[in-house]
Amino acid sequence: MNRRNYQKELEKIIEKQEKESRVPRLLLHSCCAPCSSYVLEYLSRYFSVTVFYYNPNIWPEEEYRHRAEEQQRLIEALPAVHPISLEVGPYQPDRFFEASRGHEEDPEGGERCMACYRLRLEEAARLAREGGYDYFTTTLTISPMKDSEKLNSIGEELAGIWQVEHLPSDFKKKNGYRRSVELSREYGLYRQNYCGCVFSRRQQEAQEPADTQEKEMDHTTFRHCEK
């Protein structure tokens, strides 16, 4: 079965919108400034964008605030054809813990992550409906580690529930992820080393000693090879 090309679908929507006289309004859920950098550079040419920073999975609260501040800093610095504004959602970790109950030990990309995506996207869909936006979508599809098909499927399901259009996306296409890395360097953005939740942070911390030991072994092997 052929996989859908979400980038082509997005381009068709943009082409159609450009023929109309008004600029459509987009509510863009953002997980962090680095992931949003290319997405905003791209979409602000065609949409009036409100960035919705809502990520109750992030732990601890200081991390949440730091990422929100970086999001604001990027928006203020990034040139845009159409306006970009920011709405920071409340910090609600209890909602994430409730959504992930029973999946605390799942690996990254498992059912816990799917529940987390849905939690954040549903809040975006709800807000888009209440705010009269033309579309909603998320920056999450820019990550090479995230399944765009699953994310778009969740978005389309929620679009039907909340009666607001979901904008299809696969922002990693057209070198989107690479461009986001370039922009992150250009603007000196904070790039975290874990997705945000306490479970991913624990997994990262558990992996770090193993990574360090492996590097030390490689270094020792290299020294022996020199002799």
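Here, every reference points to the structure presented above.
Throughout what follows, the structure given in this document is the object of discussion. The shown structure was predicted, so the numbers you read here are calculated from the model rather than taken from an experiment.

Scanning the protein chain from N- to C-terminus turns up eight helices and five strands. In the protein chain, the order of α-helices and β-strands from amino to carboxyl end is α-β-α-β-α-β-α-α-β-α-β-α-α. Residue pairs in contact within the protein chain that sit at least 24 positions apart in sequence constitute 76% of those at least 6 positions apart. Accessible surface for the protein chain amounts to roughly 12300 Å². Of this, 48% is attributable to carbon and sulfur atoms.

Here we take up the pairing of strand E4 (residues 135-138). The alternating pattern of E4 places Tyr135 and Thr137 and Phe136 and Thr138 on opposite faces, both of which are buried. Pairing analysis gives four bridges linking strand E1 (residues 25-30) to E4, with the strands arranged parallel. Looking at E4, one finds that leucine 28 is bridged to threonine 137. Judged from the two bridges that link them, E4 and strand E5 (residues 165-166) form a sheet pairing that is parallel.

Of all six residues making up E1, five are buried, and the element is well covered by its neighbours. One ladder, built from six bridges, connects E1 with strand E2 (residues 48-53); its direction is parallel. Within the sheet, the bridge partner assigned to leucine 26 lies in E2 and is valine 49. For the crossover that starts at E1, traverses helix H2 (residues 33-43) and ends in the parallel E2, the hand is right-handed.

Note on placement: threonine 50 falls in strand E2. Overall, threonine 50 belongs to the buried group, its relative accessible area being 10%. Among the polar contacts listed, one links the side chain of threonine 50 to the side chain of tyrosine 133, at a separation of 3.1 Å.

Turning our attention to the packing of aromatic side chains. The final tally for this structure, using the stated rule, is nine aromatic pairs. Three or more aromatic residues link up through ring pairs in this structure, and these residues are Tyr38, Tyr42 and Tyr46. A cation sits over an aromatic face here: arginine 25 above tyrosine 133, 4.0 Å from the ring centre.

Looking now at unusual backbone geometry. Residue proline 60 is reached from tryptophan 59 by a cis peptide bond, and omega for that bond is -5°. If you check the backbone angles, asparagine 175 has positive phi at about 60° while not being a glycine. When you line up the elements, asparagine 175 lands in the loop between E5 and helix H7 (176-186). Residue asparagine 175 is classed as partly exposed on the basis of its relative accessible area of 46%.

Calculation criteria
Throughout this document, residue positions are counted from 1 along each chain, in the order its sequence is written. Under the rules for a predicted model, residues below a pLDDT of 70 receive no local features and side-chain atom pairs below 80 are neither given nor counted, while totals for whole chains, interfaces and linings still include all residues. Side-chain numbers here rest on the full set of heavy atoms in the structure, without hydrogens or water. Secondary structure is summarised from DSSP: a helix means a run of H or I of at least four residues, a strand means a run of E of at least two, and numbering begins at the N terminus for each. We call two residues in contact whenever any of their non-hydrogen atoms come within 4.5 Å of each other. The protein chains shown are the only cover counted for residues, whose accessible areas, like all others here, come from Shrake-Rupley with a 1.4 Å probe. Only protein chains enter the calculation, and the probe is 1.4 Å; a residue is then buried if its accessible area is under 20% of its type maximum, exposed if over 50%, and partly exposed in between. DSSP calls a pair of strands paired once it identifies at least 2 bridges connecting them. Clockwise travel from the first strand over the helix to the second, with the strands pointing away from the viewer, marks a crossover as right-handed. Think of a polar contact as two N or O atoms within 3.5 Å of one another; within protein, one of them needs to be a possible hydrogen donor and the other a possible acceptor, and neighboring residues in sequence only count if both atoms come from side chains. Aromatic contacts are taken between Phe, Tyr and Trp rings whose centres are within 6.5 Å, Trp giving its six-membered ring; a plane angle under 30 degrees counts as stacked, one over 60 as edge-to-face, and the others as tilted. Two limits define a charge over a ring: the Lys NZ or Arg CZ must be within 6 Å of the ring centre, and within 35 degrees of the ring normal.

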